[in-house]
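Here is how the chains run, residue by residue.
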Amino acid sequence: MTAPPGPARRVAVVTLGCARNEVDSEELAGRLAADGYRLVEDPEGADAVLVNTCGFIESAKKDSVDAILAATDSGAEVVAVGCMAERYGSELAGALPEATVLGFDDYAAIGDRLDDVLTGRPLVPHSPRDRRTLLPISPVARTAVVTAEEAPAIPGHGWVQRRRLASGPSAALKLASGCDRRCAFCAIPTFRGSFVSRPPAEVLTEARWLAGQGVTELVLVSENSTSYGKDLGDLRSLERLLPRLAAVEGIARVRVAYLQPAELRPGLLEVIASTDGVAPYFDLSFQHSSPGLLRRMRRFGGTDDFLALIGRARSLAPTAGFRTNVILGFPGETEDDVAELERFLTEGRLDAVGVFGYSDEEGTEAVRMPGKLDQAEIDARVRRITDLVEELTAQRAEDRVGDRVEVLLTEDLSAAQGSGVWAGSAAHQDPEADGTTTVTGVPGDARPGQLLDAEVVGTEGVDLVALSSAELALAAVPAVR
């Protein structure tokens, strides 16, 4: 296929996976726009479709393959990037000859690579490598390497090239990339590399840029936000950064995602729970709560430790939000382990819980572990815990009836549901991952991204129904006879 000249080249970007991938896609979009490509939403009208894949677990990989195949139906040239493309490289290219597979090292020249694809120049897919080997083992020795001219590619850190693909008032902002943990079930460090923090000044500058783009809520993302600053020589970096981000003009709320329970220091917990403009929201990667099984996972803690952590946060912020993910069916998991997880979930009263079944991931320690469970048993345990979670999170939402909440307005529903009705997210609700809050009695001059005080008056599953404080005040005024 011959590429149309200059600005006529059209590219659609399809993103799968997490908010970190969304940031990477926006960096790629910005680079492509700077190289003369016109960004379009519909793959049917594109000359090329860039599919930013996810390679975390088996189901995510299947979704990525399906998205690549669907993109080929558009008749456009298809290019696979992202975690799955980086992780498998030439193997993925061999399995999907319909697409060109590019790795992270191609991102800086993504416009040139797309030119190659559109003009029929052959590209040799990369051979995957363990990206942890590209940086020193010592975190504090990494800064000199990542700032060098020949630094390894770290997607999502080139914010200067970023171009927003979404238009809502919330946006993800990368704190760091990579991970130094060695969880037995996770392959992410091998293809995302070692942990690298972005300098605080750079994060602040991007926050101001996002505010200028109309963003009022920042969602701080990384593979492990509690490690932020360890490679900069200051483990309290995030504690110092959060109040500064909350003070950025135009930013109404800052939310931190991807916290590791074992690394959540008391000082950071207090800052998240008590700082004006920072959502008292704890996205904690518990994964399980049975102490013995967690050790097999190469993780720490257990039910009692986790409940104590939640209790400390609630003592500072009684209405704080909590979400987590849990894995069922890890090798060696027993009925007692599942019962212990049920105890934690019941007593923890979390707001949102993602439930996943274990799957073998190449290159992880768990692949070689004894005690593998049958898939039917894993599926049964996933259903069992999913049913429990649905009941518990709905109960937790009901507990919030009568609470005052600050809702970040996202969508005017008046046309469908009547005047003054908006959708939004309260402080305990991540705008992408958790439930929503529907507010009635919203003033006519409201706008997306505005914070509005309201009172929770009902629930629909995990979603809240609220009445604006202005409407409540009006209702409290005695009628004049």
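As a starting point, this report considers the structure included with it. Note that this is a predicted model, so its numbers are computed, not measured.

Conventions adopted
Residues numbered from 1 in each chain as written. Predicted model: local features only at pLDDT ≥ 70, side-chain atom pairs only at ≥ 80, totals over all residues. Heavy atoms only, no water. Helix = DSSP H or I, 4+ residues; strand = E, 2+ residues; numbered from the N terminus. Rg over C-alpha atoms; globule rule 2.2 N^0.38 Å. Buried < 20%, exposed > 50% of the residue type's maximum accessible area, 1.4 Å probe, protein only. Contact = heavy atoms within 4.5 Å. Areas by Shrake-Rupley, 256 points an atom, 1.4 Å probe, with all protein chains shown as cover. Axes fitted to C-alpha atoms, helices over the stretch in contact; angles between N-to-C directions. Parallel < 35°, antiparallel > 145°, perpendicular 65-115°, else oblique. Left-handed = near helix turned anticlockwise from the far one by under 90°. Nonpolar A, V, L, I, M, F, W, Y, C, P; charged D, E, K, R; others polar. Phe/Tyr/Trp six-rings, centres within 6.5 Å; stacked < 30°, edge-to-face > 60°. Lys NZ or Arg CZ within 6 Å of the ring centre and 35° of its normal. Polar contact = N/O pair within 3.5 Å; in protein donor to acceptor, adjacent residues only side chain to side chain. Core = buried A, V, L, I, M, F, W, Y, C linked by side-chain atoms within 4.5 Å. Pairing = 2+ DSSP bridges. Right-handed = clockwise from strand over helix to strand, strands pointing away.

### Some thoughts on the overall build of the protein
When helices and strands are counted, the protein shows 16 helices and 18 strands. Relative to the 2.2 N^0.38 estimate, which gives 23 Å for 481 residues, the radius of gyration of the protein is 23 Å and therefore close to what a compact globule would have. Here the protein holds 481 residues, and 53% of them are scored as buried. In the protein, once contacts between residues fewer than 6 apart in sequence are set aside, the share between residues at least 24 apart is 74%. Of the accessible surface of the protein, which amounts to about 20,200 Å², a share of 52% is contributed by carbon and sulfur atoms.

### What about the packing of helix H9 (residues 237-246) against helix H10 (residues 266-274)?
Where H9 meets H10, the closest approach of the two axes is 9 Å, and the angle between their N-to-C directions is 15 degrees. When the axis of H9 is compared with that of H10, the two are roughly parallel. Relative to H10, the crossing made by H9 is left-handed. On H10, the residues that touch Leu-238, Glu-239, Leu-242 and Pro-243 of H9 are Gly-267, Leu-268, Val-271 and Ile-272. In terms of residue class, the contact of H9 with H10 is made up of six nonpolar, one polar and one charged.

### Notes on unusual backbone geometry
Positive phi values are uncommon outside glycine, yet Gln-287 reaches one of about 70 degrees. Along the polypeptide, Gln-287 turns up in the loop between strand E11 (281-283) and helix H11 (291-296). For Arg-298, which is not glycine, the phi dihedral falls at a positive 65 degrees. Relative to the helices and strands, Arg-298 is located in the loop between H11 and helix H12 (303-316). Assessed through its relative accessible area of 42%, Arg-298 is described here as partly exposed.

### Quick look at H10
Among the residues of H10, Leu-268, Leu-269, Val-271, Ile-272 and Ala-273 are the ones counted as buried. Next to the buried residues of H10 lie H9, strand E10 (253-256), E11 and H12.

### Considerations on the packing of aromatic side chains
Taken as a whole and assessed by the stated rule, the structure comprises seven aromatic pairs. Ring plane angle 80 degrees and centroid distance 5.5 Å describe the contact between Phe-104 and Tyr-107, whose orientation is recorded as edge-to-face. Judged on exposure class, the residue Phe-104 and its partner Tyr-107 are both buried. An angle of 80 degrees between the planes, with centres 5.5 Å apart, marks the rings of Phe-330 and Tyr-358 as edge-to-face. Here Tyr-358 lies in the loop between strand E13 (352-357) and helix H14 (375-399) and Phe-330 lies in the loop between strand E12 (321-328) and helix H13 (335-348), a separation of 28 residues in the sequence. Note on Tyr-358: relative accessible area 7%, which makes it buried. Taken together, the ring pairs in this structure connect Phe-185, Phe-330 and Tyr-358 into an aromatic cluster. Over the aromatic face of Tyr-37 sits the side chain of Arg-9, whose NZ or CZ is 4.1 Å from the ring centroid. Sitting over the face of the ring of Tyr-281, Arg-255 holds its NZ or CZ atom 4.6 Å from the ring centroid.

### Here's the deal with the side chain of Thr-364
Checked against the element boundaries, Thr-364 lands in the loop between E13 and H14. Separated by 2.7 Å, the side chain of Thr-364 and the backbone oxygen of Glu-361 make a polar contact. Beyond its immediate chain neighbours, meaning those up to four positions away, Thr-364 contacts Ala-184, Phe-185, Cys-186 and Ala-187.

### Considerations on the nonpolar core
Among the nonpolar cores identified, the biggest contains 69 residues, and Leu-218, Leu-220, Leu-242, Phe-282 and Leu-345 are the most heavily contacted of them. The dominant element in this core, judged by the number of residues it contributes, is H14, at six residues. With near-sequence residues (within four places) excluded, Leu-220 lies in contact with Leu-173, Leu-175, Ser-225, Leu-238, Leu-242, Leu-245, Val-254, Arg-255, Val-256 and Ala-257.

### Concerning the sheet that holds strand E18 (residues 463-468)
Spatially, E14-E15-E16-E18-E17 is the arrangement adopted by the five strands of the closed barrel, whose pairing is mixed. Adjacent strand axes in the sheet meet at a mean angle of 50 degrees when their direction is disregarded. Relative to strand E16 (residues 437-440), strand E15 (residues 422-425) is paired through three bridges, and the arrangement is antiparallel. Residue Trp-422 lies in a different strand from E16, and its bridge partner there is Val-439.

### What to know about the pairing of strand E9 (residues 217-221)
Summarising burial for E9: five of the five residues are buried, a large majority. Where strand E6 (residues 170-174) lies against E9, five bridges are found, and the strand directions are parallel. Bridge pairing in E9 links Lys-174 to Val-221. Here E9 runs beside E10; their pairing, made up of four bridges, is parallel. Following the sheet pairing, Glu-217 is matched in E10 by Arg-253. Remark: the E9/H9/E10 crossover connection has right-handed handedness.

Everything listed is a geometric property; what it means functionally is a separate question.
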